[in-house]
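Structural overview
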Amino acid sequence: MNDYDSARLLDLMAAQGYARVSAPEQADLIVVITCSIREKAQEKTFSDLGRIREIKRENPAVRVAVGGCVASQEGRRVLSRAPWVDVVFGPQTLHRLPELLEKRERTGRPQVDIAFPEIEKFDCLPAPCAHGASAFVSIMEGCSKYCSYCVVPYTRGTEISRPMMDVLVECAQLAAQGVKEITLLGQNVNAYQGRAPDARSTADFALLLEYVHDIPGIERIRYTTSHPKEFSDRLIEAYGRLPKLANHVHLPVQSGSDRILAAMKRGYTHDWYLERIARLREVRPDISVATDFIVGFPGETEEDFAETMRLIDEVGFDASFSFVYSKRPGTPAASYPDETPREVKLERLQQLQAVIDANAAQISRGMLGRVERCLVFGPAKKGGGMLAARTDNNRVVNFPGDPALIGSMASIRITEVFPHTLGGVPAGDAGAAAAGEG
Ligand code: 5AD
Ligand code: SF4
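The structure contained in this document is the topic of the report that follows. Quick caveat, the model's predicted, so the values are computed rather than measured.

Right, let's talk about the site of ligand 1 for a bit. Taken together, Ile37, Arg38, Tyr149, Gln254, Asp292, Ile294, Val324, Tyr325, Ser326 and Arg328 make up the full set of residues adjacent to ligand 1. Tyr149 has a polar backbone atom sitting 3.0 Å from a nitrogen atom of ligand 1. Taking Ser326, its main chain carries an N or O atom lying 2.8 Å from a nitrogen atom of ligand 1. Contact with the protein chains removes 85% of the 410 Å² of surface that ligand 1 exposes when unbound. A class-by-class count of the residues in the shell around ligand 1 yields 5 nonpolar, 2 polar and 3 charged.

Structure below.
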């Protein structure tokens, strides 16, 4: 989400005559886009601002703006901790940065604007500028789920969907610039309820996917993040009808224990999650499933954790973004008694990650010999005239190919499996395939 916001901010500032520089020391304006999902991310804001203070000492003319969720949560308090900051703006007011900077110059005083002016932001941003063949498109902002551990509903506001036509126009503008893969973004994309093109009804996420699927030039559709509770039958059925939907889903589960899921206020159970995945696999038997876990939520016992490990075995996750629970001020869970020692939590996290890594390695080995539809995104890091492409299940494949393939989809036969990458050859190239395998 912050990547997307940063890209849109770059488009906006480019329209104001700014250009990106490669080091903060060269900048007239330094913008810090912050995250407060866990304490560590939040603290990074202030260590970054410490370094920026030194730059401003050398060059007092430089302007410093702080955006994102720490700005949203802390507001004016950012100025008391870092008085060298000129502008504080929130996730929903990033389009106002030029006017906030102007006001800062006019008044000589720092400016703070962390309001939630609904969806105005999108009407004030210029058309997106594509960088490569993949792009993000935000379809909804904020979250109304209020999971007991999470700051997002407070920092990004409640769920609000962009009108369907706005989303489709943005996708079409990107497709016209050569984008082949769109990732639809939102805190809970499957809660999408956007104004339909007839302007009278609302469209759900499954309908939006159908329309995006029809845009010429778009060849692969991803989305992030979705919520198990709203992983509807309609969405599952869409996987049967829409071949451009990537054969990969990121569906955060957080825990496998019903007791902990209830304390987290997730609104589903272990068995509900399993049932959703089973339905999805009826439609797409080989879909890869990634997830998020929070380990060591207040009150998590060995039995609760065993339930999480059981779920991991049952689903066979391909990847996870997993973290130890971090207490966030202002959230209900911050006051829950939490007696598990930190070492125990770290040990559980390691155990969980080891099993998921082993799963991922096994899935990689199973890909050997298969032909994968991949998006070729550039020259391979290791050079040697090789190209790099990404599979549906997010693995990088290095293969020999014509650089003209960069930015397009290609069928690649997997011939080698390494711990972090795959090797392949263009499919249909039988001679090279044999050489590659030998
Ligand atoms: N502590 C640890 N992890 C968290 N997440 C959200 N809030 C917290 C927290 N307080 C994780 C969840 C979510 C991901 C984006 O971040 O797993 O899915
Ligand atoms: Fe946070 Fe996701 Fe829960 Fe919303 S659904 S409150 S973003 S964890």
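In spatial order, the strands read β12-β13-β14; together these 3 strands make up an open sheet with parallel pairing. Two strands close off the open sheet at either side, each with one partner strand: β12 (248-250) and β14 (319-324). Strand-to-strand twist in this sheet, taken as the mean axis angle between neighbours without regard to direction, amounts to 10°. Bridging between β12 and strand β13 (residues 288-295) involves 3 bridges; their strand directions are parallel. For His248, the partnering residue across the bridge sits in β13 and is Ser288. Strands in contact with helix α14 (residues 342-366) are β13 and β14; relative to β14, the strand with the most contacts, it is inclined by about 175°.

As a further point, take the packing of aromatic side chains. Enumeration over the complete set of coordinates arrives at 8 aromatic pairs. With centroids separated by 5.7 Å and ring planes inclined at 70°, the aromatic side chains of Tyr146 and Tyr154 adopt a geometry described as edge-to-face. For Tyr146, a relative accessible area of 29% translates into the label partly exposed. For Tyr154, a relative accessible area of 36% gives the class partly exposed. Between the aromatic rings of Phe297 and Tyr336, the centroid separation amounts to 6.1 Å while the plane-to-plane angle is 80°, which identifies the pairing as edge-to-face. With a gap of 39 residues between them, Phe297 in the loop between β13 and α13 (302-315) and Tyr336 in the loop between β14 and α14 connect regions that are remote in the sequence. For Phe297, a relative accessible area of 0% gives the class buried. Residue Tyr336 is classed as partly exposed on the basis of its relative accessible area, which comes to 30%. Ring-pair connections join several aromatic residues into one group, and the members of that group are Tyr149, Phe297, Tyr325 and Tyr336. Taking the ring centre of Phe323 as reference, the NZ or CZ of Arg38 above it sits at 3.4 Å.

Cut-offs used in this document
- Residues numbered from 1 in each chain as written.
- Chains lettered and ligands numbered in written order.
- Predicted model: local features only at pLDDT ≥ 70, side-chain atom pairs only at ≥ 80, totals over all residues.
- Heavy atoms only, no water.
- Near = heavy atom within 4 Å.
- Polar contact = N/O pair within 3.5 Å; in protein donor to acceptor, adjacent residues only side chain to side chain.
- Areas by Shrake-Rupley, 256 points an atom, 1.4 Å probe, with all protein chains shown as cover.
- Nonpolar A, V, L, I, M, F, W, Y, C, P; charged D, E, K, R; others polar.
- Pairing = 2+ DSSP bridges.
- Helix = DSSP H or I, 4+ residues; strand = E, 2+ residues; numbered from the N terminus.
- Axes fitted to C-alpha atoms, helices over the stretch in contact; angles between N-to-C directions.
- Contact = heavy atoms within 4.5 Å.
- Phe/Tyr/Trp six-rings, centres within 6.5 Å; stacked < 30°, edge-to-face > 60°.
- Buried < 20%, exposed > 50% of the residue type's maximum accessible area, 1.4 Å probe, protein only.
- Lys NZ or Arg CZ within 6 Å of the ring centre and 35° of its normal.

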